[in-house]
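Summary of structural features
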Amino acid sequence: MMTGRSREAFLRFAERRRREDEARRLHEEVPALQTLRLDIEEHRGTSTLAETKHVRHVVVARAPALFILPCGDGDCRDGGHDVTDVMMQRLRDGAAAFVVEHECGGDVRGVRCDRILRVNAIAGYSKA
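These lines cover the structure that appears in this document, whether it is placed above or below. For every chain, the first residue of its written sequence is number 1, and the numbers climb from 1 along that sequence. Given that the model is predicted, a residue must reach a pLDDT of at least 70 before its local features are reported, and side-chain atom pairs must reach 80 or more before they are shown or counted; all residues, however, enter totals for whole chains, interfaces and linings. Excluded from the side-chain calculation are hydrogens and water; included are all heavy atoms of the structure.

As for the sheet that holds strand 8 (residues 111–112)
For two strands to count as paired, DSSP must find a minimum of two bridges between them. Helix and strand definitions follow DSSP, with helices as H or I runs of at least four residues and strands as E runs of at least two, each counted in order from the N terminus. Strands sit in the order 4-7-8 across an open sheet of 3 strands; the sheet is antiparallel. Single-partner strands in this sheet number two, and they are strand 4 (76–77) and strand 8.

This is the structure in structure tokens:
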């Protein structure tokens, strides 16, 4: 039996999967892109130390041209980080290394979520 919280998580996952399935593929949007590594950090707005860190190696041939990351605070509602527009613009421009920051706009127990996402992207392109 699903609890209210697990049902919410399931619905968020299903919606994210639907959007990924419907999105254009990254290799269609940026044909020269060969590799993409994302070093992802998240911290609270008042802190400069990352609370979470991980590396995502994007499989360019299959990946959707969509960069939506969930908020790292389990109590955050209606938040997350949609950095698709800025990521795609930088990739289309052929940027080899760039940083994207985004503040969560969700709600944590009646207060605005203050988590900040920082993505250090390293892209490799074909020479042609």
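Back to the text.
Here we look at the pattern of salt bridges
Within this document, salt bridges are pairs made up of a side-chain nitrogen of Lys or Arg and a carboxyl oxygen of Asp or Glu, the two lying within 4 Å of each other. Scanning all chains against the criterion turns up 9 salt bridges. Linking R24 and E29 is a salt bridge whose minimum nitrogen-to-oxygen distance equals 2.2 Å. Note on classification: 1.4 Å probe, protein chains only; a residue is buried when its accessible area is under 20% of the maximum for its type, exposed when over 50%, partly exposed between these limits. A relative accessible area of 49% means that R24 is categorised as partly exposed. Here E29 falls in the partly exposed class, since its relative accessible area comes to 22%. We note a salt bridge from D39 to R37, for which the minimum N-O separation is 2.9 Å. For R37, a relative accessible area of 33% gives the class partly exposed. Sharing partners across several salt bridges, the network here consists of R24, E29 and R92.

Describing the nonpolar core
The set of buried Ala, Val, Leu, Ile, Met, Phe, Trp, Tyr and Cys residues whose side-chain atoms join them within 4.5 Å is what this entry labels a nonpolar core. Ranked by internal contacts, the top residues of the largest apolar core, which has 23 residues, are L26, L36, L38, F67, M87, L91 and V119. Taken together, the elements giving at least two residues each to this core come down to strand 1 (33–44), helix 3 (84–92), strand 6 (97–103) and strand 9 (115–125). Contact partners of V119, with chain neighbours within four places excluded, come to L38, D39, I40, L69, M87, F98, V99 and V100. By size, the runner-up hydrophobic cluster in this structure holds 5 residues, among which are C71, C104, V108 and C113. Residue contacts follow a heavy-atom distance rule, with two residues in contact if any of their heavy atoms lie within 4.5 Å.

Focus on the sheet that holds strand 6
Read from one edge of the open sheet, 4 strands run 2-1-9-6, paired in antiparallel fashion. Both outer strands of the open sheet, strand 2 (52–58) and strand 6, are each paired with one neighbouring strand and no more. Each strand of the sheet is rotated relative to its neighbour by a mean of 15 degrees, with strand direction disregarded. Where strand 1 lies against strand 2, 7 bridges are found, and the strand directions are antiparallel. By the bridge assignment, L38 is partnered in strand 2 with R56. Sitting on the sheet, helix 3 is in contact with strand 1, strand 6 and strand 9, with an inclination near 170 degrees to strand 6. Here an angle of 0 to 180 degrees is reported between the N-to-C directions of two axes, which are lines fitted to C-alpha atoms, with helices fitted over the stretch in contact.

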